[in-house]
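Spelled out, the chains give:
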Amino acid sequence: MERIVKSGDGWRLGWNPEALEFQGLVGGDNWSIELTEGELDDFCRLLDQLNKTICQMVDELMDEERIACEAESDLLWMQVEGFPQSYTVEFILNQGRRGEGKWPVEAVPGLVQGAQMLKIF
């Protein structure tokens, strides 16, 4: 199996099953951080969960009402903030070397789609 890198406007995701410690990569235009396989799995799972949650809120919010939703695993914390159709994504690694990142509204649709297709969970 070979290395996979997906990228778009303001986001990057990578998967390298051959790497010894850090098989995953997440990043934006000017930053990136390598993730372990467990961290990448949690990142993709929590991002999908938060995306579904915020999209389900569309009927319960007034048009100008912003929302923040967060989810956490042992390995990382994530938050989406904004409106159901346009929100930012932020994460913080909870263990090991620590690290954090945030994607702007414009990058999120591609990031969500890329995370869903990066590898089969």
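As a reminder, the structure under discussion sits directly above these lines.
1. Remarks on the sheet that holds strand β1 (residues 4-8)
Thinking step 1. Strands sit in the order β1-β2-β3-β4 across an open sheet of four strands; the sheet is antiparallel. The open sheet terminates on both sides in strands that have one partner only, identified here as β1 and β4 (32-35). When the angles between neighbouring strand axes are averaged without regard to direction, this sheet yields 10°.
Thinking step 2. By the bridge criterion, five bridges tie β1 to strand β2 (residues 11-15) in an arrangement that is antiparallel. Bridging across to β2, Val5 finds its partner in Gly14.

2. Looking at helix α2 (residues 108-118)
Thinking step 1. Within α2, the full set of buried residues consists of Val108, Gly110, Leu111, Val112, Gly114, Ala115 and Leu118.
Thinking step 2. Lining the buried residues of α2 we find β1, β2, α1 (37-56), β7 (86-93) and β8 (99-103).

3. A closer look at the environment of Pro84
Thinking step 1. As for its placement among the helices and strands, Pro84 is situated in the loop between β6 (76-83) and β7.
Thinking step 2. Residue class for Pro84 comes out buried when judged on its relative accessible area of 11%.
Thinking step 3. For the pair Pro84 and Glu64, spaced 20 residues apart in sequence, the C-alpha separation works out to 11 Å.
Thinking step 4. With residues near it in sequence (within four places) discarded, Pro84 still touches Ile54, Cys55, Met57, Val58 and Leu61.

4. Points about the nonpolar core
Thinking step 1. Of all hydrophobic cores here, the largest spans 31 residues; its most connected members are Val26, Phe43, Met78, Val89 and Trp103.
Thinking step 2. Elements supplying a minimum of two residues to this core: β2, β4, α1, β5 (67-72), β6, β7 and α2.
Thinking step 3. By residue number, the principal contributor to this core is α1, which donates seven residues.
Thinking step 4. With sequence-adjacent residues up to four places away left out, Val89 is seen in contact with Leu47, Met78, Gln79, Val80, Gly101, Lys102, Trp103, Val108 and Leu111.

Rules behind the numbers
Residues numbered from 1 in each chain as written. Predicted model: local features only at pLDDT ≥ 70, side-chain atom pairs only at ≥ 80, totals over all residues. Heavy atoms only, no water. Pairing = 2+ DSSP bridges. Helix = DSSP H or I, 4+ residues; strand = E, 2+ residues; numbered from the N terminus. Axes fitted to C-alpha atoms, helices over the stretch in contact; angles between N-to-C directions. Buried < 20%, exposed > 50% of the residue type's maximum accessible area, 1.4 Å probe, protein only. Contact = heavy atoms within 4.5 Å. Core = buried A, V, L, I, M, F, W, Y, C linked by side-chain atoms within 4.5 Å.

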